[in-house]
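A closer look at the structure
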Amino acid sequence: MNDSNAIRDAIERSKASGQIQTVSVDMTADGLEDLLLVMLQVDWEMTEIEDHQVDVWGWSDATPEGEQDWRLTVQCVAADELVA
């Protein structure tokens, strides 16, 4: 499964369960932000919570104020950053 499909699947699981989902991707946090800009057609925000870990959440126009439709914790480790 590629990274964008893994993210989409995790978002759908989060929407269905109302729970934060965790997903790992083979990219940097900057790369993740670039992917989300292209991939997501909804409102979303992200914040880096620690090295290589990003919190991402989103909502739609129908979402009550102050609430979110989905939330992910994303582990970002690009293959070229891995230390042997």
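Scroll up for the structure.
First, a word on what this report is: a plain description of the structure on this page.

Cut-off values and rules
- Residues numbered from 1 in each chain as written.
- Predicted model: local features only at pLDDT ≥ 70, side-chain atom pairs only at ≥ 80, totals over all residues.
- Heavy atoms only, no water.
- Pairing = 2+ DSSP bridges.
- Helix = DSSP H or I, 4+ residues; strand = E, 2+ residues; numbered from the N terminus.
- Axes fitted to C-alpha atoms, helices over the stretch in contact; angles between N-to-C directions.
- Contact = heavy atoms within 4.5 Å.
- Core = buried A, V, L, I, M, F, W, Y, C linked by side-chain atoms within 4.5 Å.
- Buried < 20%, exposed > 50% of the residue type's maximum accessible area, 1.4 Å probe, protein only.

This paragraph deals with the sheet that holds strand β1 (residues 21–25). Picture the strands of a sheet paired through backbone hydrogen bonds; they go either parallel or antiparallel. An order of β1-β4-β3-β2 is seen for the four strands of this open sheet, with the pairing classed as mixed. Because the sheet does not close on itself, it has two edges, and the strands there are β1 and β2 (43–50). Here the average twist between neighbouring strands, direction ignored, is 25°. As defined by bridge partners, β2 adjoins strand β3 (residues 53–59) across seven bridges and the pair is classed as antiparallel.

Glancing now at the side chain of T73. Along the chain, T73 falls in strand β4 (residues 70–76). With sequence-adjacent residues up to four places away left out, T73 is seen in contact with I20, Q21, T22, V23, I49, Q53, V54 and D55.

In this section: the nonpolar core. Within the largest apolar cluster, 19 residues are counted, with the highest numbers of intra-cluster contacts made by I7, L32, L36, V56, L72 and V74. Of all the secondary-structure elements, those providing two or more residues to this core are α1 (3–17), β1, α2 (29–39), β3 and β4.

That's the geometry; what it means functionally is another story.
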